[in-house]
Amino acid sequence: MARIRKGDQVKVIAGKDKGVEGKIIAVLENDRVIVEGVNRVQKHTRAGQTGAEGGIITAEAAIHVSNIMLVVDADGEKTTTKVGSGVIDGKKTRISRKTGKEI
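Residues numbered from 1 in each chain as written. Predicted model: local features only at pLDDT ≥ 70, side-chain atom pairs only at ≥ 80, totals over all residues. Heavy atoms only, no water.

**Topic: the side chain of Asn 39**
- Counting through the fold element by element, Asn 39 comes out in the loop between strand S3 (32-35) and strand S4 (40-45).
- Not counting residues up to four positions away in its chain, the partners in contact with Asn 39 are Lys 16, Asp 17, Ala 59, Glu 60, Ala 61, Ala 62 and Ile 63. (Helix = DSSP H or I, 4+ residues; strand = E, 2+ residues; numbered from the N terminus. Contact = heavy atoms within 4.5 Å.)

**Notes on the sheet that holds strand S6 (residues 63-64)**
- What the six strands build is an open sheet, ordered S6-S3-S2-S1-S7-S8; its pairing is antiparallel. Of all strands in the sheet, those bounded by a partner on one side alone are S6 and strand S8 (77-81).
- Examined bridge by bridge, strand S1 (residues 9-12) and strand S2 (residues 21-28) share three bridges and lie antiparallel to one another. Its bridge partner lying in S2, Lys 11 is registered against Glu 21. (Pairing = 2+ DSSP bridges.)

**Quick look at the pattern of salt bridges**
- Following the criterion strictly, the structure yields two salt bridges and no others.
- A salt bridge links Asp 8 to Arg 94, with the nearest nitrogen and oxygen atoms 2.8 Å apart. Note that Asp 8 is positioned in the segment before S1 and Arg 94 in strand S10 (residues 91-96), a separation of 86 residues in sequence. Each member of the pair, Asp 8 as well as Arg 94, is classed as buried. (Salt bridge = Lys/Arg side-chain N within 4 Å of Asp/Glu carboxyl O. Buried < 20%, exposed > 50% of the residue type's maximum accessible area, 1.4 Å probe, protein only.)

**Describing the UniProt feature "domain: KOW" (unreviewed entry) in the protein chain**
- Under the feature "domain: KOW" (unreviewed entry), the UniProt entry names residues 3-30.
- The distance from the first to the last C-alpha atom of residues 3-30 is 14 Å, and the span holds 0% helix and 43% strand. (UniProt positions renumbered as here; feature names shortened; annotations may be inferred.)

This is the structure in structure tokens:
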């Protein structure tokens with residue numbers, strides 16, 4: 001069972017973008033994720049034969065899962081939490097360790 005999934009709201013807890021919140025765009029192999037608006041890098045591209053223009057593109061690069069923490073809505077306010085696992089109605093689910101509620 002995955003602790004972090006695509007679409008989760010997370011907060012960066014380490015690195016140059018520490019404190020920034022964003023949504024997970026993609027979960028990659030080797031415990032890396034791409035978070036919206038975090039770890040933006042500039043990539044230089046060449047003009048292609050098909051008419052694509054060259055230039056400098058700014059895009060998000062992957063960061064390690066250990067550098068982010070899940071953000072959940074607890075009683076109307078956002079709070080960071082660890083993710084635990086539990087069984088509710090005979091089905092494995094993700095549970096917020098701070099609030100004890102299902103994510």
